Amino acid sequence: YIFLLDDVFDNLEDVVAGNFNTAVKEYPGGKYKATRELNALCDNLKEVGKEIFTLADAGSSGDLSARAKADNFHGDWNRMLVGLNNLVEAFVVPLTESINVLTGISQGQLSSRVEGEYDGEFLVLKESLNNTASTLNGYVGEISRVVGELANSNLNIGVDIDFVGDFKAIQD
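Q: Can you tell me about the overall build of the chain, naming the residues and giving the values?
A: Within the chain, the secondary structure is distributed over 5 helices and 0 strands. C-alpha atoms of the chain, sized along the principal axes, occupy 100 × 25 × 25 Å. Counting every position in the chain, which comprises 172 residues, the buried fraction comes to 26%. Considering only contacts in the chain between residues 6 or more positions apart, those separated by 24 or more positions represent 36%. Split by element, the accessible area of the chain, about 11500 Å² in all, is 56% carbon and sulfur. For the chain, the separation between the mean place of its 13 positive charges and that of its 27 negative charges on side chains is 9 Å.

This is how it looks when you write it as structure tokens:
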């Protein structure tokens, strides 16, 4: 048993250090269970690692449709991967809605708004997009009003709102 324990502890040290490619020599008889279980642990760690790396690689390349195959795992392995998938989804939902709003704005739908309920940085993103759309809508409305007055020969028309930033030149 001493040789078995030495091997198991050596392999456990490898696993703790992040080396999941370690393998315990399989001993015969009742000692086999300890080595089999340690090797199974390493196999699970490698498989979960593959799911995480696949998800990270997909996300890094802009593919936010990828998800870890959590159903291939049981217990806490499954819960960890479900949690990771939920994290990805927490980014995908507000990002997708923001893309849809920006697409609408680019197509002249200045009333497009982010409607979802978000917290933290996602709330900041929502408010920034909605404020931008609102500001652009206000500018277009004011420009349309002034152009309409000019078309009616009213040359005494003034601008009623403040234009800011690069839009300031319109007002001047």
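That was the structure; now back to the text.
Q: An account of the packing of aromatic side chains is requested, with residue identities and associated values reported.
A: What the rule picks out here adds up to 3 aromatic pairs. With centroids separated by 4.5 Å and ring planes inclined at 25°, the aromatic side chains of Tyr139 and Phe163 adopt a geometry described as stacked. Placement of Tyr139 in helix 4 (residues 120-151) and of Phe163 in the loop between helix 4 and helix 5 (168-171) is noted, with a sequence separation of 24 residues between them. When its relative accessible area of 5% is taken as the criterion, Tyr139 is described as buried. Taken together, Tyr139, Phe163 and Phe167 form an aromatic cluster joined through their ring pairs.

Q: Kindly report on helix 3 (residues 75-106), identifying the contributing residues and their values.
A: Between the first and last C-alpha of helix 3 there are 46 Å, a value that for 32 residues agrees with the 46 Å anticipated at 1.5 Å per step. All of the buried residues along helix 3 are Asn78, Leu81, Asn85, Val88, Val92, Pro94, Glu97, Ser98, Val101, Gly104 and Ile105. In this structure, the buried side of helix 3 is in contact with helix 2 (32-60) and helix 4. Just downstream of helix 3, Gly108 is the residue with a positive phi angle, here 90°.

Q: Break down the pattern of salt bridges for me, citing the residues and quoting the values.
A: Here the structure, examined in full by the defined rule, presents 7 salt bridges. The partner of Arg67 in a salt bridge is Glu89, with the nearest N and O atoms 2.4 Å apart. In this pair, Arg67 is assigned in the loop between helix 2 and helix 3 and Glu89 in helix 3, connecting sequence segments 22 residues apart. Using a relative accessible area of 34% as the deciding quantity, one classes Glu89 as partly exposed. One salt bridge in this structure joins Asp160 and Arg145, with 3.1 Å as the shortest N-O distance. Highlighted residues: Asp160 in the loop between helix 4 and helix 5 and Arg145 in helix 4, separated in sequence by 15 residues. Residue Asp160 is classed as exposed on the basis of its relative accessible area of 60%. Where salt bridges share partners, they join Glu142, Arg145 and Asp160 into one cluster.

Q: Mind laying out the packing of helix 2 against helix 3, listing which residues take part and the relevant values?
A: Packed helices, taken two at a time, are described by the angle their axes make and the gap between the axes. The interhelical angle for the contact between helix 2 and helix 3, taken along N-to-C directions, is 5°, at an axis separation of 11 Å. The orientation of helix 2 relative to helix 3 falls into the category roughly parallel. Contact residues: Leu41, Asn44, Leu45, Val48, Glu51, Ile52 and Leu55 in helix 2; Trp77, Leu81, Leu84, Asn85 and Val88 in helix 3. For the contact of helix 2 with helix 3, a count of residues per class yields 9 nonpolar, 2 polar and 1 charged.

Q: Give me the side chain of Ser98: which residues, what numbers.
A: Within the element layout of this structure, Ser98 appears in helix 3. At 2.8 Å, the side chain of Ser98 and the backbone oxygen of Pro94 are in polar contact. Discounting chain neighbours no more than four positions away, the residues touching Ser98 are Val114, Leu125 and Leu129.

Cut-off values and rules
Throughout this description, residue numbers start from 1 for each chain and increase along the sequence as written. Under the rules for a predicted model, residues below a pLDDT of 70 receive no local features and side-chain atom pairs below 80 are neither given nor counted, while totals for whole chains, interfaces and linings still include all residues. Computation of side-chain values: all heavy atoms of the structure, hydrogens and water removed. Note on conventions: DSSP H or I runs of at least 4 residues are helices, E runs of at least 2 residues are strands, and numbering of each starts at the N terminus. Relative accessibility decides the category of a residue: with a 1.4 Å probe and only protein chains considered, values under 20% of the type maximum give buried, values over 50% give exposed, and everything between is partly exposed. Should any heavy atoms of two residues lie within 4.5 Å, those residues are considered in contact. Each accessible area is a Shrake-Rupley estimate made with a 1.4 Å probe; only the visible protein chains count as cover when residues are assessed. We treat Lys and Arg as the positive residues and Asp and Glu as the negative residues; His and chain ends play no part in the count. In plain terms, the charge of a residue is placed at NZ if it is Lys, CZ if Arg, CG if Asp and CD if Glu. Only Phe, Tyr and Trp rings take part, Trp by its six-membered ring, and two of them pair if their centres are within 6.5 Å. Stacked means planes under 30 degrees apart, edge-to-face means over 60, and tilted covers everything else. Residue count minus one, scaled by 1.5 Å, sets the expected span of a helix. In what follows, salt bridge is the name for a side-chain nitrogen of Lys or Arg lying within 4 Å of a carboxyl oxygen of Asp or Glu. Note on geometry: axes are C-alpha line fits, over the in-contact stretch for helices, and angles between N-to-C directions span 0 to 180 degrees. Convention used here: angles under 35 degrees read as roughly parallel, angles over 145 as roughly antiparallel, angles from 65 to 115 as roughly perpendicular, and any remaining angle as oblique. Each residue gets one label: Ala, Val, Leu, Ile, Met, Phe, Trp, Tyr, Cys and Pro are nonpolar, Asp, Glu, Lys and Arg are charged, and the others, such as Gly, are polar. Polar contacts, as counted here, are pairs of nitrogen or oxygen atoms within 3.5 Å of one another; within protein the pair requires one atom able to donate a hydrogen and one able to accept it, and residues that are adjacent in sequence qualify only if both atoms are side-chain atoms.

These figures come from the coordinates and say nothing about function on their own.
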